[in-house]
Every structure is written in C-alpha cells, then in structure tokens.
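Remarks on the overall topology
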Amino acid sequence: MATSNLTSYELVVVFTPVLADEEYRNAQKKFSDYITENGGSISHNEPWGMRSMAYPIQKKTTGLYWLVQYQAPTEVNAKLEVQMNRDENVLRHMITRLDKYALEYNDRRRRKASEKPAEAATEATENA
C-alpha cells in the first residue's frame, strides 16, 4: 500500500460497561493493532472511561468510551467496521474523516487541556 494515500480519521467506540479494566485496555489494543497492521498509524489515543449515554443501548445506560485519531488508507475503514460489528463488546462506533481544520482544532484542544492542569497547580501553590 502506498503511504501517500493516508487520510486522517477519528474513531469513537462505545464499549459495554461490564468490561474490566484489563479487558477495556485489551479491546483498545485490539483495534489499535488492527489499524497499524493494515497500513495505518495512530496519532492520538484517548480513553474517556465510563460515561452516561443519551439513550439506552441494549438496556445499558452507560458505556466505556474510547477516542482514537489515526491516519490510514481508505479501505482500512471498511475492514475495521466489520471487525467492530463482530465484536460483542462494542455497543456503538463512529468513524469520521478529519479535514485540516478539524486536525488543527483537535491539536489546539489537546494543548489547552494539557495547560489547564499546570495552571491549576501553579495557582494552588500561589494561594497556599
């Protein structure tokens, strides 16, 4: 596969909330490995953990969320969707193609989030 055809994507997966921490990490690793084995590369991996859902899915009101940003050839997405549909632990998934503006926004959002804990720590030490 030619590496020049890589497109940026964002994948959000909602796993069943009954997974243990180890199973949750293994499920993330399974799909990350699948992307890299098929010619893609992971640029950002962000496990969100347990969150409430807007509506019940399979009688579950919470789910374990996971966000991953990656670059891959287009044909990888169809194969990845088949794998996620076959996995009993996946309640929902969504793959979104990212343009240059979305990539810039994601970078700014991550930088801002990483600066907030540092600012809060410096304010706490100044107030003490």
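Residues numbered from 1 in each chain as written. Predicted model: local features only at pLDDT ≥ 70, side-chain atom pairs only at ≥ 80, totals over all residues. Heavy atoms only, no water.

1. Things to note about unusual backbone geometry
In this structure, Q58 is a non-glycine residue whose phi angle is positive, near 55 degrees. On the secondary structure map, Q58 appears in the loop between strand 2 (41-57) and strand 3 (60-72). (Helix = DSSP H or I, 4+ residues; strand = E, 2+ residues; numbered from the N terminus.)

2. Notes on the pairing of strand 2
As defined by bridge partners, strand 2 adjoins strand 3 across 11 bridges and the pair is classed as antiparallel. Looking at strand 3, one finds that S52 is bridged to T62. (Pairing = 2+ DSSP bridges.)

3. Some words on the packing of aromatic side chains
Counted by the stated rule, this structure contains five aromatic pairs. Where F15 meets F31, the ring centres are 6.3 Å apart and the plane angle is 25 degrees; that geometry is what we call stacked. Of this pair, F15 sits in strand 1 (residues 7-15) while F31 is found in helix 1 (residues 21-37), placing the two residues 16 residues apart along the sequence. Accessibility expressed as a relative area gives 0% for F15, which makes it buried. An aromatic cluster of three or more residues is present, and its members are F15, Y24, F31 and W66. (Phe/Tyr/Trp six-rings, centres within 6.5 Å; stacked < 30°, edge-to-face > 60°. Buried < 20%, exposed > 50% of the residue type's maximum accessible area, 1.4 Å probe, protein only.)

By themselves, these observations are geometric and do not establish any function.
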